[in-house]
Amino acid sequence: MSGTETTAGQSAAWQEGEFFRDRLILVVDDEPFNVDLLRFELEDRGFQVVTAEDGVEALDLLKDGARPDLALLDVMMPRLDGFGLTREIRHLEGLEQLPIILLTAKSELEDKAEGFAARADDYVLKPFHIDDVVARVEVQLRIAGYLKRRRVQAEALSRIAMVGAAAHELAQPLAGASGYLQLLQAGLERQTLDPAAYAERLGRIHSCLVKTRDIATRLEQLERVALEDYPCGAQIISLQESARPETARDPDDPRLVLLAAEAGVGRDAALERDLVLHGAELVREETVAEHAAEVDLVLLSCLDRLDHVKPVLERLATLWDTPHLLSPPVLALLPGQSIGRATPGVELLRSSVDDVLQRPFRLEELLIRIRSRVRLQRLRLGDLRLQSLGAAQDIRRRALDGFVEKVDHCLASLARLEARPDGLADLLAEYACQLDGLTGTVRRLQARNIPGFPEPAQG
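Residues numbered from 1 in each chain as written. Predicted model: local features only at pLDDT ≥ 70, side-chain atom pairs only at ≥ 80, totals over all residues. Heavy atoms only, no water.

1. Observations concerning the sheet that holds strand 1 (residues 24-28)
- A sheet is described by the order of its strands in space; here 5 strands give the open sequence 2-1-3-4-5, paired in parallel fashion. Two strands in the sheet have a free side with no partner beyond their single neighbour: strand 2 (48-52) and strand 5 (122-125). Ignoring strand direction, the axes of neighbouring strands in this sheet form an average angle of 20°.
- The pairing of strand 3 (residues 70-74) with strand 4 (residues 100-104) spans 4 bridges and is parallel. When the bridges of strand 4 are listed, D74 appears paired with L103. (Pairing = 2+ DSSP bridges. Helix = DSSP H or I, 4+ residues; strand = E, 2+ residues; numbered from the N terminus. Axes fitted to C-alpha atoms, helices over the stretch in contact; angles between N-to-C directions.)

2. Points about the pattern of salt bridges
- Enumeration according to the criterion identifies 30 salt bridges in this entry.
- A salt bridge links E138 to R350, with the nearest nitrogen and oxygen atoms 3.2 Å apart. Of this pair, E138 sits in helix 6 (residues 130-190) while R350 sits in the loop between helix 11 (345-349) and strand 12 (355-358), placing them 212 residues apart in sequence.
- Note on E138: relative accessible area 12%, which makes it buried.
- For R350, a relative accessible area of 31% gives the class partly exposed.
- With its nearest N and O atoms 2.9 Å apart, the salt bridge here joins R373 to D355. (Salt bridge = Lys/Arg side-chain N within 4 Å of Asp/Glu carboxyl O. Buried < 20%, exposed > 50% of the residue type's maximum accessible area, 1.4 Å probe, protein only.)

3. Structural notes on unusual backbone geometry
- Between K126 and the following residue, P127, the backbone shows a cis peptide bond with an omega angle of -5°.
- With respect to the helices, strands and loops of the structure, P127 is situated in the loop between strand 5 and helix 6.
- A positive phi is found at R119, a non-glycine position, where the angle reads about 75°.
- The residue R119 is located in the loop between helix 5 (109-117) and strand 5 in this model.
- Take R119: its relative accessible area is 24%, and that puts it in the partly exposed class.
- Positive phi, normally seen in glycine, also occurs at Q191, with a value near 60°.
- Looking at where Q191 falls in the secondary structure, it is placed in the loop between helix 6 and helix 7 (195-220).
- Accessibility expressed as a relative area gives 74% for Q191, which makes it exposed.

4. Topic: the sheet that holds strand 12
- Strand order in the open sheet formed by 5 strands is 9-8-10-11-12, and the pairing between neighbours is parallel. Each edge of the open sheet is held by one strand with a lone partner, namely strand 9 (281-284) and strand 12. Adjacent strand axes in the sheet meet at a mean angle of 25°, parallel and antiparallel pairs treated alike.
- Looking at chain direction, strand 11 (residues 330-334) and strand 12 are connected through 4 bridges and run parallel. Each residue of the ladder has a partner; that of L331, found in strand 12, is D355.
- In the packing of helix 9 (residues 269-277) onto the sheet, the strands contacted are strand 8 (256-260), strand 9, strand 10 (297-300) and strand 11, and the crossing angle to strand 9 comes to about 140°. (Contact = heavy atoms within 4.5 Å.)

In structure tokens, the structure reads:
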């Protein structure tokens, strides 16, 4: 999962607070006491803090160039409340993915649903325990760091896959065109080239170039990045699959929810039945390998201690160990705790769990959390796919700029050869130079000789 994919050193750094040191937190609240409390507690833990008294002031700060790593927003504020501010932030360039946590005294389900609908990442109810707030801040910063690494990895992989696809697909028809041209030249030199063989080889060259142009055109028309595995361990873009748009999924419909539990822990049959009745498809841990790419959320039921959770997460982590798959969010269901103390979920939130919900809870609240987490995950996955597609298209622009026009020029030049004019040997040599220009582009692709071509990201 997002936490278990990190190195042991990174995990230790998170637990000691080093990973979060100097991260800038925006605190927005019209109550000075809350601002002072959060500023003191966050700065005491190594964060930097910038504050605003209401949503309008905060929005002005962001529009003027402030770039926090996370925002803590009160909901009930004059002029612009936390819901409205969240929606405004999501439309600011560069802040679409800013982690946002709402602080609210409004505990009604409709209010929680509105916060998630505005694309807040989490909420904390007032009065809050500062350890709960800090734990959820750390969770969102951890997720943001994980998503940033995934985007870098996915972009690098998509560029490499695009180079592989272009070189692999274009090389074969171009090699065919060059081969038939060499046969023409050899037959002409030996004076053994009859008209039928001449016309047949020109036709073969024409077919190879048409195939080359079609492939180059399809490379320009990718709608997504779908990869194809090769026995040598390489992955290249599958042109056929990438030309097909993906089927849109209902953002409020969790298709598959993985229910995981430690061995020997009883299943919550009533909960499973309720989830199925509300549209979720459930998959158990023992069969999840068949559905890893489709799992929308991991629900940890009947687990309440970190030593129970860790083995489950470690077993599941390897299923999403690829840059083009985001590990699904993890929601743990926990026993209740007395008011005024930090929840038992703090320890879990500081490990690999993305969200916790204490018992007893209403089914409606669990469904709100599940659906909001699934919606956010799909938005993040959509962002990842768009960045992957953009990276592939960037390589195509820089490596194949004008390639289709050059192929069309070669096809037009074939018409001059069909009549076997005088000076045919010179025309064939000139045509060979044109084909060499196309072949040179493919050779540069094979050698990754592209300006700014990145190496695969590490970690």
